[in-house]
Amino acid sequence: MAKAYDYLFKLLLIGDSGVGKTCVLLRFCDSAFSTTFISTIGIDFKIRTIELDGRKIKLQIWDTAGQERFKTITTAYYRGAMGIMLVYDITSEKSFDNIKNWIRNIQEHASAEVERMLIGNKCDMLDKRQVTREKGENLANEYGIKFMETSAKGNINVDEAFFSLAKDIKAKIDKRAAIDPLGKPAVIKPKLDPHKKVSTSFWSRCSLF
Amino acid sequence: MDNLPSIGDRNTQTIVCSFCDDIILRPQTATLTNKPTLLPQMNIEKTPSSDTENNRLSINGNDHVCDSLETFWLVLDMFTFENVGFSNTVNNQTKYLVCANCERGPIGFSPINPLTRQLEKEFYVAFDRIKYK
Ligand SMILES: Nc1nc2c(ncn2[C@@H]2O[C@H](COP(=O)(O)OP(=O)(O)OP(=O)(O)O)[C@@H](O)[C@H]2O)c(=O)[nH]1
Ligand SMILES: [Mg+2]
Ligand SMILES: [Zn+2]
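Residues numbered from 1 in each chain as written. Chains lettered and ligands numbered in written order. Predicted model: local features only at pLDDT ≥ 70, side-chain atom pairs only at ≥ 80, totals over all residues. Heavy atoms only, no water.

- Going by an unreviewed UniProt entry, chain B carries the name Guanine nucleotide exchange factor MSS4 and comes from Rotaria sordida.

- If you look chain A up in an unreviewed UniProt entry, it shows as Ras-related protein Rab-8A from Rotaria sordida.
- Under the heading Sequence similarities (unreviewed entry), UniProt records this for chain A: "Belongs to the small GTPase superfamily. Rab family."
- Database annotation for chain A, UniProt heading Subcellular location (unreviewed entry): "Endomembrane system". (UniProt positions renumbered as here; feature names shortened; annotations may be inferred.)

Listed below in structure tokens is the structure:
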């Protein structure tokens, strides 16, 4: 049987507690279906298939567990990630200020080639806004990454954000494949840091797959 | 359906969520398998409201009422799924599968190896909890 997809991208949602990462991943925010069995155990990750330029792309999207902070998120967590959504809450200046810590964490632990995107979530709460759109845009420009304001609650721009990130990863891979006609597989390996070689190979044996 | 598939058959139609029609598996991607399993009942009751009458039905994951199911569509690679959600690991032995769109479930399960804590490469979708298109 022909391969069921052309690309496989692992995406992560990163950001302070309470910014809405889980709501971005899940269609129904917290109370919407809280009596179901599933809502009591929680969702770990999702697989979604999208089409871009006639190509089938599998997205594997991971949420970050509850109270994790950038200090505790290390190489193992980022392993194999090709795209990262950096999420802050437009009603929380603090969550926005922390983005630079998250960025630093990514630089330390994730693949150097990982595609990043900045997300200002809760854009439905305009009356409580603390971070202007412009501030978000400026920060994204500073890092040379895309920016979008979303509302998980209002279902604004959420799908668009995943599409946009997937598109950028695909473009990067296609570009590299054009330069290197032998074609590297569409999987980005974690950065090999000589000082961390032992732990890297340890975790590569502890893969989920 | 007119002609029920038998054990060992591949799915001839697209397997979709019985609530929202989201595509779960394309035709010819899963094999019908006999795998007697207790699967927690789906609770399709959506919004609870603040009404405590409704909340009485809410049951803790551990003693949730189960259905005894035998027939499952088996898939050996998680990326065969068009769309699907994986729950957190339950009792260090199972991840449940849910619809990626409406998040209702469990529509199936995948065993976890208790020693390695990794997913076994077997993904079971309950025959009785999906529909075809
Ligand atoms: N108004 C509004 N509220 C939102 C939105 N997204 C999330 N929330 C609310 O923000 C709170 C936190 O959302 P979560 O998705 O649990 O946040 P999280 O980032 O997953 O937090 P941790 O799991 O602790 O890291 C919840 O009460 C949500 O209902 C949004 O787009 N708009
Ligand atoms: Mg969360
Ligand atoms: Zn559904």
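1. Quick notes on the nonpolar core
Turning to step 1, where the next piece is worked out: Ranked by internal contacts, the top residues of the largest apolar core, which has 53 residues, are Tyr78(A), Ile84(A), Leu86(A), Leu118(A), Trp73(B), Phe81(B) and Phe86(B).
Turning to step 2, where the next piece is worked out: No other element matches the 4 residues that helix H5 (residues 99-109) of chain A contributes to this core.
Turning to step 3, where the next piece is worked out: When sequence neighbours within four positions are dropped, the list of residues in contact with Phe86(B) reads Ile43(A), Asp44(A), Phe45(A), Ile47(A), Met78(B), Lys95(B), Tyr96(B), Leu97(B), Ser110(B), Leu119(B) and Phe123(B).
Turning to step 4, where the next piece is worked out: Counting residues in hydrophobic clusters, the runner-up holds 42 residues, among them Leu25(A), Leu26(A), Met117(A) and Leu165(A). (Core = buried A, V, L, I, M, F, W, Y, C linked by side-chain atoms within 4.5 Å. Buried < 20%, exposed > 50% of the residue type's maximum accessible area, 1.4 Å probe, protein only. Helix = DSSP H or I, 4+ residues; strand = E, 2+ residues; numbered from the N terminus. Contact = heavy atoms within 4.5 Å.)

2. Brief notes about the pairing of strand E6 (residues 94-98) of chain B
Residue and element names in this part refer to chain B.
Turning to step 1, where the next piece is worked out: Most of E6 is tucked away: 5 of the 5 residues are buried.
Turning to step 2, where the next piece is worked out: Here E6 shows no split at all, with Thr-94, Tyr-96 and Val-98 on one side and Lys-95 and Leu-97 on the other all buried.
Turning to step 3, where the next piece is worked out: In textbook terms, the turn of a hairpin is the stretch between consecutive antiparallel strands, and for strand E5 (residues 84-87) and E6 this stretch comprises 6 residues, one of which, Asn-91, has a positive phi near 50°.
Turning to step 4, where the next piece is worked out: Judged from the 4 bridges that link them, E6 and strand E7 (residues 108-111) form a sheet pairing that is antiparallel. Across the sheet, residue Lys-95 finds its bridge partner in E7, namely Ser-110. (Pairing = 2+ DSSP bridges.)

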